Amino acid sequence: MRVIPAEQITEALKDLAISANYDLGEDVLEALRNGRENEGSPVGREILDQLIENAEIAAKERVPMCQDTGYAAVFVEIGHEVFIEGDLNAAVDEGVRQGYEEGYLRKSIVGDPLRRQNTGDNTPAALAIDFVPGDQVKVTIAPKGGGSENMSMARQYAPAVGRQGVIDFVVNRVKESGSNPCPPVVVGVGIGGTFDLCARLAKKSLLRDLGVRHPDPFYAELELELLEEVNKLGIGPMGLGGNVTALDVHVEYYPCHIASLPVAVNMQCHAARHKTAVL
Amino acid sequence: MSDRKKIQLPLTPEDVESLKAGDRVLLSGPLFVGRDQAHKRLVDLVEEGGELPFDIEGETIYFAGPSPAKPGQVIGSCGPTTSYRMDPYSPTLIALGLRGMIGKGARGEAVVDAMKEHGAVYFTAVGGAAALIARTVISMEVVAYEDLGPEALRRLEVADFPAIVAQDAHGGNQYDEGLKEYARS
Ligand code: SF4
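Residues numbered from 1 in each chain as written. Chains lettered and ligands numbered in written order. Predicted model: local features only at pLDDT ≥ 70, side-chain atom pairs only at ≥ 80, totals over all residues. Heavy atoms only, no water.

Draft legend 1. Highlighting the confidence of the model for chain B. Across chain B, the average pLDDT comes to 95, with 99% of residues at 70 or higher. As a predicted assembly, this complex carries a pTM of 0.94 together with an ipTM value of 0.92. (pLDDT = per-residue confidence, 0-100.)

What follows is the structure in structure tokens.
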């Protein structure tokens, strides 16, 4: 058994929260630059230029690339041979608290959805824990902005709608979201599982680097087809018209009930932030 | 960026009249900043017959909630937030003289009707370009509702703030035009 003190998770998360908000991933920058080459609209190209410049300013000046520094979606993968000493939930929240304070990140969480008092330190995190083989702990933070999260949706279909039904749902969701989620977007799609698990799959798919395809060729092909269809919509950067509506589409699937075909779309803006540390 | 129109705030009725959907502009002058909760408070106040904490006549409101300023910074990162959430409130403020709004994402019919009736224009800034936009902010002060933290009502002085006319005072709509031009079947 390898023992990892919970404080190490706090330390790691604090740094990850700051870096995720200051340093846009190279995969996203690359996708924005490619988009710039393919964009037919002059306004669209100018917007993509601004986004690339913005990412450079944020990284250089050590400031958040977007003022919405998000809900702290935290994923912890714990190896079977690891014992975490201390309170993991508390350690995660403490990491978020310290990172959002020291990094001058916006505190965007209200403690109660109806009475809406800001918690003041961006906690609690939205924490998901998985157990995996090995003796390591992998900690990931994916700060999730409200603008794109609000455009997300889940549906329980009858199995008969099949592959085409899934495509129609995803494309329509992007269409309906229009200019709201800060296009160009990344579309996270979950298919299968239970109602709740399906949405979780959609969110998890967003942790994959842009341009990396699903390992199963059937789903890899579905991703490419979805990307092509979405980019035919014409929504373009900031919804003002153009060819680059999505930078990528990611799909994750899971076994499901014989009666069900759950589909969930988690919309992600171009500020597709996620950072990981392995302890 | 040379074809950007330079506009001095506050907007004049002539500015509003002449701005057309799709125009790229650089805005300089005073801007008020408010989002969901500040809008709710402003409109609740109007409904109770109270007086607004600032003179809204001719002004422009930027829908945003900046991140905290670091020492030495005027303001933290401050890109636009999604505008449809302000749709229930904007018509009331437009009727009181609000002439410009900056946010991101399309506005609903009631807002567009108010814009046409009273003469107002809606700009989009680039969502997520928050560090870049912060560079155009010269000064910042809290006007009201400090207790709302990032949602407090602020007044900014900006220079060459980049924006695009998304929906104009004549019903022109760049979102619709963009779709018409770029959608492929
Ligand atoms: S949707 Fe994304 S880029 Fe747009 S404001 Fe929200 S976090 Fe920022």
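Draft legend 2. Representation of the sheet that holds strand E4 (residues 126-132) of chain A in the model. Residue and element names in this part refer to chain A. One open sheet holds the 4 strands; their spatial order is E4-E2-E5-E10, and the pairing between them is mixed. Looking at the sheet topology across the chains shown, the edges are occupied by E4 and strand E10 (275-278). Put simply, the sheet's adjacent strands are angled 15° from each other on average, direction ignored. As paired elements, strand E2 (residues 71-79) and strand E5 (residues 137-144) share 8 bridges and run antiparallel to each other. Its bridge partner lying in E5, Phe-75 is registered against Thr-140. Across the sheet, helix H1 (residues 6-22) touches E2, E5 and E10, and the angle it forms with E5 is around 35°. Sheet strands in contact with helix H7 (residues 195-205) are E2, E4 and E5, and its direction is about 90° off that of E2. (Pairing = 2+ DSSP bridges. Helix = DSSP H or I, 4+ residues; strand = E, 2+ residues; numbered from the N terminus. Axes fitted to C-alpha atoms, helices over the stretch in contact; angles between N-to-C directions. Contact = heavy atoms within 4.5 Å.)

Draft legend 3. Just the site of the ligand, in detail. Around the ligand, 15 residues are found, and the nearest of them are Cys66(A), Cys182(A), Cys269(A), Arg273(A) and Gly128(B). The environment around the ligand is built from residues contributed by chains A and B. The class makeup of the residues in the shell around the ligand is 6 nonpolar, 6 polar and 3 charged. Each of domain 1 (2-22 + 65-144) and domain 2 (147-272) of chain A gives at least three residues to the shell around the ligand. (Near = heavy atom within 4 Å. Nonpolar A, V, L, I, M, F, W, Y, C, P; charged D, E, K, R; others polar. Domains from an automatic or database assignment.)

Draft legend 4. Summary view of helix H6 (residues 174-182) of chain B. Among the residues making up H6(B), those that are buried are Gln174(B), Tyr175(B), Gly178(B) and Tyr182(B). Projected onto a plane normal to the axis of H6(B), the buried residues spread over an arc of 105° and lie on a single side. Against helix H3 (42-61) of chain A together with strand E5 (121-124) and strand E7 (153-167) of chain B lie the buried residues of H6(B). Between the side-chain oxygen of the N-cap and the backbone nitrogen of Tyr175(B) there are 2.8 Å, and the N-cap of H6(B) in question is Asn173(B). (Buried < 20%, exposed > 50% of the residue type's maximum accessible area, 1.4 Å probe, protein only. Arc of directions from axis to C-beta. Polar contact = N/O pair within 3.5 Å; in protein donor to acceptor, adjacent residues only side chain to side chain.)

Draft legend 5. How the structure looks around the nonpolar core. If you look at the biggest cluster of nonpolar residues, it comprises 58 residues, and the most contacted ones within it are Leu32(A), Ile47(A), Leu240(A), Leu247(A), Ile94(B) and Met101(B). For this core, the secondary structure elements donating two or more residues are helix H2 (26-38) and H3 of chain A together with helix H2 (36-47), helix H3 (90-95), helix H4 (109-118), helix H5 (130-134) and E7 of chain B. When residues in this core are grouped by element, the largest group, 8 residues, is from H3(A). Those residues in contact with Ile94(B), other than ones at most four positions away along the chain, are Met101(B), Val111(B), Ala114(B), Met115(B), His118(B) and Ala120(B). Counting 28 residues, the second-largest nonpolar core is a separate cluster that includes Ile4(A), Leu16(A), Ala20(A) and Val139(A). (Core = buried A, V, L, I, M, F, W, Y, C linked by side-chain atoms within 4.5 Å.)

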